[in-house]
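Tertiary structure, described
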Amino acid sequence: MKFFFIIIPFYVLINAGCGHESCAEANYSFAIQSQVFPDKDSINIGDTLFLISSTPKSMMDIKSNTTIDYTNSINFGTVLSIGELIKDSTIPRGAVFDFDYLSIKGRIYNDVNIPIPNTVQQLTYGESDTQYELKIAIIPKRKGVYAMGVGDGLSSGRQGGSGVCQKASLGISLINPQQHAYFYQLWRPGYTLTDIELKHLYCFKVY
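Everything in this summary refers to the structure shown in the same document. (Residues numbered from 1 in each chain as written. Predicted model: local features only at pLDDT ≥ 70, side-chain atom pairs only at ≥ 80, totals over all residues. Heavy atoms only, no water.)

Looking only at helices and strands, the protein features 3 helices and 18 strands. Within the protein, the proportion of its 207 residues that are buried is 47%. Nonlocal contacts in the protein, meaning residues at least 24 apart in sequence, comprise 72% of its contacts between residues at least 6 apart. (Helix = DSSP H or I, 4+ residues; strand = E, 2+ residues; numbered from the N terminus. Buried < 20%, exposed > 50% of the residue type's maximum accessible area, 1.4 Å probe, protein only. Contact = heavy atoms within 4.5 Å.)

Before going further, it helps to spend a moment on the environment of Val 206. By the secondary structure assignment, Val 206 is in strand 18 (residues 201-206). Residues Val 206 and Pro 140, 66 residues apart in the sequence, show an inter-C-alpha distance of 7.2 Å. Not counting residues up to four positions away in its chain, the partners in contact with Val 206 are Ile 43, Asn 44, Ile 45, Pro 140, Arg 142, Lys 143, Gly 144 and Tyr 146.

Quick look at the packing of aromatic side chains now. One pass over the full model with this rule turns up 12 aromatic pairs. Ring centres 5.9 Å apart and planes at 80° place the aromatic pair Tyr 28 and Tyr 70 in the edge-to-face group. In this pair, Tyr 28 sits in strand 1 (residues 28-37) while Tyr 70 sits in the loop between strand 5 (66-69) and strand 6 (73-74), placing the two residues 42 residues apart along the sequence. This pair shows no difference in class: Tyr 28 is buried, exactly as Tyr 70 is. A centroid spacing of 5.1 Å and a plane angle of 50° characterise the contact between Tyr 182 and Phe 183, whose relative ring orientation is tilted. Judged by its relative accessible area of 37%, Tyr 182 is partly exposed. What links up through ring pairs into an aromatic cluster is the set Phe 99, Tyr 146, Tyr 202 and Phe 204. Just above the ring of Tyr 109 sits the side chain of Arg 107; from NZ or CZ to the centre is 4.0 Å. Geometry around Tyr 191 places Arg 188 over its ring, the cationic atom sitting 3.7 Å from the centre. (Phe/Tyr/Trp six-rings, centres within 6.5 Å; stacked < 30°, edge-to-face > 60°. Lys NZ or Arg CZ within 6 Å of the ring centre and 35° of its normal.)

Okay, here's the thing in C-alpha cells:
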C-alpha cells in the first residue's frame, strides 16, 4: 500500500507508552464510526470539511462480545493522514500543511517529533458525560487532488488503579456512502483497493 503506510508510525508511538510487558497488548477492541461532511467530491479553497465521530462510553467489546463501561480513557484517539495524489508520482505528497484546522470537539494537532509530521495529524476524542466525541474542521488552502486516511486507533488505558493496563484498540471506519475512491484509482491505475482500505479512505479535489 502506498498511502496507508503512513499510519504505521502512530502505532509504534502509542504502543511504546506503557513500558510493561503485562500491558503491551490491548485488552479491549471497539468499533467506531466516522464521517466526512459534506460528502462532495470537489470543493473550493476556503470551503470547510468536517470530520465527525462519536461513540457511547459503554461499548461492545468485539473480543468478548460484552458491553464495557470504558470511562476516563487516556489518549482515546487516532490519526488523520493527508496526501496529495500527484500525477506520475509513485507516493502521495504529505499535504497536512495544505489545510487549516479547527478543533470543535476533541483535538487535532501536529506532532513534529514523529518521522512524517507533514503527512499525519494526531486526533484525540473529547470525553463528555456519556460519550467520546470528535468534530474537526478541515479547510483547504491549496488546489489539488487529495486522499485522507482515518487510522485505526488506540486508547493507552484508563485513569486510576490498574487502568493504565486497560488498553483498547479502536477500529475506526468511514461510513460515507461516497468516498470518491475513483480519484485514487485514476492516480494508481490497475490497483484495486481492498475493503479494509476503503473503510479508511476519503478522496476529494480542491479547486
